[in-house]
Amino acid sequence: MGSQGGGPPATSPGQQLRALFYVLSPGESAFRTVEEVPDYVDKSIPFFITFIGLEFAVSWVQKRKLPGRINDGISSLSLGILSRLPDVLFRSVDLISYIYIWDKYRLFELPWDSPWTWYLTLLGVDFAYYCFHRISHEVNILWAAHQVHHSSEDYNLFTALRQSILQKYTSWIFNLPMALFIPPSVFAVHLQFNLLYQFWIHTEVITSLGPLEWILNTPSHHRVHHGRNPYCIDKNYGGTLIIWDRIFGTFEAEDAKVVYGLTHPVNSFNPIMLQLRPLAHIWNTFWATPGFCSKLSVIFKGPGWGPGKPRLGLPEEIPVITGKEVPFNPSVPAYLNCYAVVHFAVIVDFYTELLATVTVLSQGTILLRIGFIILSLTSFGLLLENRSKAGILEITRCLVFIGVYKLGYLRSQFSSLGYAYEWQNAKGREEVFLNGKG
């Protein structure tokens, strides 16, 4: 039933793998306290990488093409890293709020080690996710955060990691009713399992799972959810289970070829732009819309709403899919793609090293490392868009790196990286500068 002290128990690779598919038994994943619950998400990073590699191999065998693009893949991974950075500084708002309600207002306490509690929590967390997910599509201010996950025009396992930095600050509300009777340790397990399950369904290499399609959310169902075809809009909100969509009338089976992304694409690989541009659009629309009630409607009605329209907008205004849609894909030199991949891998190394050492670092060092990671991800996004000012920002980033690395504020898990990276920075600055447009 888990360790009774000394920190979170170790999980075996087999358990960690099964956690991705929500097939750990109650006996393997029941814990008395929140402190004993393993960080299943961070420990799944090696499996994320393995499955992404496997998806590339299977896609090549099936279709003789890769399942995604370098620019979109780096964009998705950048957004995933960005979404996790606040958790380096603060405890998850989901757990903070849940534990507060549990401590102050719980009505009764279900046993933490009962299989019935485990399965009830599975259903409760998934139903709460369905409610939040549906409202995130139907309320404009919530959609402004959630749309980040839908902004990719590819559909692959990279897309699963494409997350909003703001979404977690609204989703916690939907879990609070469970805090009246379900122990936080049980909730903490299922909150992670529900998230991890949704990783592997972001793929095109799995077509159908037969009878399981009736109960579980599957790659086929979730492809529909990510589509911008008119028949796909606002369908299949389930996390682990598809039963809620079948019950509440939001289910749609996969039919015509799905075209992925937003109905009005953002056309950017800049993670900050992808996170904040929809909020800027709401801000501008709010002030441009006359009337107090109409201004509130801009915020709280659907993203397709306008004066004189129904709450969720008009279905006929959804752009028609012709099958000739071309994803945003600026042309950049091959060496610049290689440069971005190598430097992004280094940032991933810095990020994982930050996670491993965060408890022994000062607050100032943590903030400095987070700032450098954000600067780097932004610079890579602009490079992959071939922006005219990207070269200047990248040169600045490289100079900042040399300074903070020499002062000891950045550390790599690979001791030889510092020398190699300084040399590569010098070469990269020269190439980016000579390229002009970056």
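Computed from a predicted structure; not experimentally measured. (Residues numbered from 1 in each chain as written. Predicted model: local features only at pLDDT ≥ 70, side-chain atom pairs only at ≥ 80, totals over all residues. Heavy atoms only, no water.)

**Q** Teacher, can you tell me more about unusual backbone geometry here?
**A** Keep in mind that most residues, glycine aside, have a negative phi and that most peptide bonds are trans. Phi at Tyr22 is positive, roughly 60°, even though this residue is not glycine. With respect to the helices and strands, the residue Tyr22 is situated in the loop between helix H1 (13–20) and helix H2 (40–43). The phi angle at Asn386 is positive, at roughly 60°, despite the residue not being glycine. Structurally, Asn386 can be placed in the loop between helix H16 (363–384) and helix H17 (390–406). Note on Asn386: relative accessible area 16%, which makes it buried. (Helix = DSSP H or I, 4+ residues; strand = E, 2+ residues; numbered from the N terminus. Buried < 20%, exposed > 50% of the residue type's maximum accessible area, 1.4 Å probe, protein only.)

**Q** What's the story with the pattern of salt bridges in this structure? I'm lost.
**A** Close approach of charged atoms allows side chains of opposite charge to pair. Throughout the structure, instances matching the rule amount to 16 salt bridges. A salt bridge links Arg69 to Asp154; its shortest N-O distance comes to 3.1 Å. Residue Arg69 is found in the loop between helix H3 (45–63) and helix H4 (70–89), and its partner Asp154 is found in the loop between helix H7 (140–150) and helix H8 (157–160); the two are separated by 85 residues along the sequence. Asp154 sits in the buried class, given a relative accessible area of 11%. Here Glu138 and Arg134 are joined by a salt bridge, their closest N and O atoms 3.1 Å apart. With Glu138 and Arg134 both in helix H6 (residues 115–138), this residue pair falls 4 residues apart, about one helical turn. When its relative accessible area of 10% is taken as the criterion, Glu138 is described as buried. Each of Asp42, Arg84, Asp87 and Lys168 takes part in a single network of salt bridges with overlapping partners. (Salt bridge = Lys/Arg side-chain N within 4 Å of Asp/Glu carboxyl O.)

**Q** What is the right way to look at the confidence of the model for the protein chain in this model?
**A** Close inspection of predicted coordinates is inappropriate for parts of the model with low pLDDT. When pLDDT is averaged along the protein chain, the result is 90; 92% of the residues meet or exceed 70. Contacts from residues 1–6, a stretch scored under 50 in pLDDT, to residues over four places away or in other chains number 14 contacts. (pLDDT = per-residue confidence, 0-100. Contact = heavy atoms within 4.5 Å.)

**Q** Explain the packing of aromatic side chains here, please?
**A** How two aromatic rings sit relative to each other is set out by the distance from centre to centre and by the angle between their planes. Summed over the entire model, instances satisfying the criterion amount to 26 aromatic pairs. Each ring, one from Phe127 and one from Trp244, has its centre 5.0 Å from the other, and the planes form 55°; the classification is tilted. Here the residue Phe127 occupies a position in helix H6, and Trp244 occupies one in helix H12 (residues 243–248), the gap between them amounting to 117 residues. Its relative accessible area of 31% is what places Phe127 among the partly exposed residues. For Trp244, a relative accessible area of 12% puts it in the buried group. Clustering of aromatic rings is evident, with ring pairs tying together Tyr22, Tyr40, Trp118, Tyr119 and Phe193. The residue whose ring lies beneath Arg246 is Phe251, and the NZ or CZ to ring-centre distance is 4.0 Å. In this structure, Lys295 packs its charged tip against the face of Phe286, placed 5.1 Å from the ring centre. (Phe/Tyr/Trp six-rings, centres within 6.5 Å; stacked < 30°, edge-to-face > 60°. Lys NZ or Arg CZ within 6 Å of the ring centre and 35° of its normal.)

**Q** Is there a simple way to explain the environment of Pro303 in this structure?
**A** Here Pro303 shows up in the loop between helix H14 (292–300) and helix H15 (334–357). On the accessibility criterion, Pro303 (39% relative accessible area) is partly exposed. Remark: the alpha-carbon pair of Pro303 and Leu142, spanning 161 residues in sequence, is separated by 9.4 Å. In contact with Pro303, other than residues within four places in its own chain, are His137, Asn140 and Trp143.

**Q** Before we go on, may I ask you to explain H1 in this structure?
**A** Along an α-helix, residues three or four positions apart point the same way, because every turn accommodates 3.6 residues. Along H1, the positions that sit buried rather than exposed are Gln15, Gln16, Ala19 and Leu20. Across the axial projection of H1, the buried residues extend over an arc of 150°, all falling on one side. On its buried face, H1 sits against H2, H3 and helix H10 (184–200). Downstream of H1 by a residue or two, Tyr22 has a phi angle that is positive, lying close to 60°. (Arc of directions from axis to C-beta.)

**Q** Before we go on, may I ask you to explain the nonpolar core in this structure?
**A** Where a protein is soluble and globular, its nonpolar side chains tend to be buried together. Ranked by size, the top nonpolar core spans 45 residues in total, and within it Tyr40, Met178, Phe193, Leu196 and Phe199 carry the most contacts. For this core, the elements supplying multiple residues, two or more each, are H1, H2, H3, helix H5 (93–105), H6, H8 and H10. Per element, the largest residue contribution to this core is 9 residues, and it comes from H10. With residues near it in sequence (within four places) discarded, Phe199 still touches Leu20, Phe48, Phe51, Ile52, Leu157, Ala160 and Leu161. Counting 25 residues, the second-largest nonpolar core is a separate cluster that includes Val88, Phe344, Phe350 and Ile366. (Core = buried A, V, L, I, M, F, W, Y, C linked by side-chain atoms within 4.5 Å.)

**Q** Can you help me understand a nonpolar patch on the surface in this one?
**A** On the surface, a nonpolar cluster with roughly 400 Å² of combined accessible area is contributed by Ile141, Phe292, Leu296 and Phe300. Broken down by element, the residue count for the nonpolar patch peaks at 3 residues, all from H14. Accessibility expressed as a relative area gives 62% for Phe292, which makes it exposed. (Patch = residues over 30% accessible without salt bridge, like charges linked within 9 Å, V, L, I, M, F, W, Y side chains within 5 Å. Areas by Shrake-Rupley, 256 points an atom, 1.4 Å probe, with all protein chains shown as cover.)

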